[in-house]
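# Topology and contacts: notes
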Amino acid sequence: QRQMCIRDRFIDVTVYPNPVSSKDFLIEFYAHNNSNLTCELYSCDGTFINSIFNNNFSQGEYSLRIETNELSNGLYFLKFNNSERTMIERLVINK
């Protein structure tokens, strides 16, 4: 299974497994500075599904396990945002 990595000077993000074939996936990230970070999940047509997190994070490493029980198979997008940057990561659910 592949890992999808985004590297940026504000945040490094790894999402795996991707595609997701189990009941959950993991978001691991390293915040390079203290800031408010958000992660939102969108369907392939751009419809907002839910907010995964919206918190102030200190510089450091974080790991979140996200359940996929309520998600159908298909293509999704994870939108990561802080006050200065927005990054989009593709996520495939194939249970």
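Residues numbered from 1 in each chain as written. Predicted model: local features only at pLDDT ≥ 70, side-chain atom pairs only at ≥ 80, totals over all residues. Heavy atoms only, no water.

Two side chains that carry opposite charge are able to pair once their charged atoms sit near each other. All chains considered together, the criterion is met by one salt bridge. The salt bridge involving Asp24 is made with Arg65; its shortest N-O contact spans 3.6 Å. Of the two residues, Asp24 sits in strand β3 (residues 24-31) while Arg65 sits in strand β6 (residues 60-67), which places them 41 residues apart along the sequence. Classification of Arg65 as exposed rests on a relative accessible area of 54%. (Salt bridge = Lys/Arg side-chain N within 4 Å of Asp/Glu carboxyl O. Helix = DSSP H or I, 4+ residues; strand = E, 2+ residues; numbered from the N terminus. Buried < 20%, exposed > 50% of the residue type's maximum accessible area, 1.4 Å probe, protein only.)

The biggest cluster of nonpolar side chains holds 21 residues, and the ones touching the most others in it are Ile27, Leu78, Phe80 and Leu91. At the level of elements, β2 (11-16), β3, β4 (35-43), β5 (48-57), β7 (74-81) and β8 (86-93) are the ones that each hand at least two residues to this core. Ranked by residues supplied to this core, first place goes to β3 with four residues. Those residues within four positions of Ile27 in sequence are excluded, and the remaining contacts are Val13, Thr14, Val15, Cys39, Ile52, Tyr62, Ser63, Leu64, Ile66, Leu78 and Phe80. (Core = buried A, V, L, I, M, F, W, Y, C linked by side-chain atoms within 4.5 Å. Contact = heavy atoms within 4.5 Å.)

With that settled, the discussion passes to the packing of aromatic side chains. With the rule as written, the count across this model stands at six aromatic pairs. With centroids separated by 5.2 Å and ring planes inclined at 20°, the aromatic side chains of Phe29 and Phe53 adopt a geometry described as stacked. Highlighted residues: Phe29 in strand β3 and Phe53 in strand β5, separated in sequence by 24 residues. The same class applies to Phe29 and to Phe53, which are both buried. Centre to centre, the rings of Phe29 and Tyr62 are 5.2 Å apart; their planes meet at 20°, and the pair counts as stacked. Taken together, the residues Phe29 in strand β3 and Tyr62 in strand β6 connect sequence positions 33 residues apart. By relative accessible area, Tyr62 is classed as partly exposed at 26%. Three or more aromatic residues link up through ring pairs in this structure, and these residues are Phe29, Phe53, Phe57 and Tyr62. (Phe/Tyr/Trp six-rings, centres within 6.5 Å; stacked < 30°, edge-to-face > 60°.)

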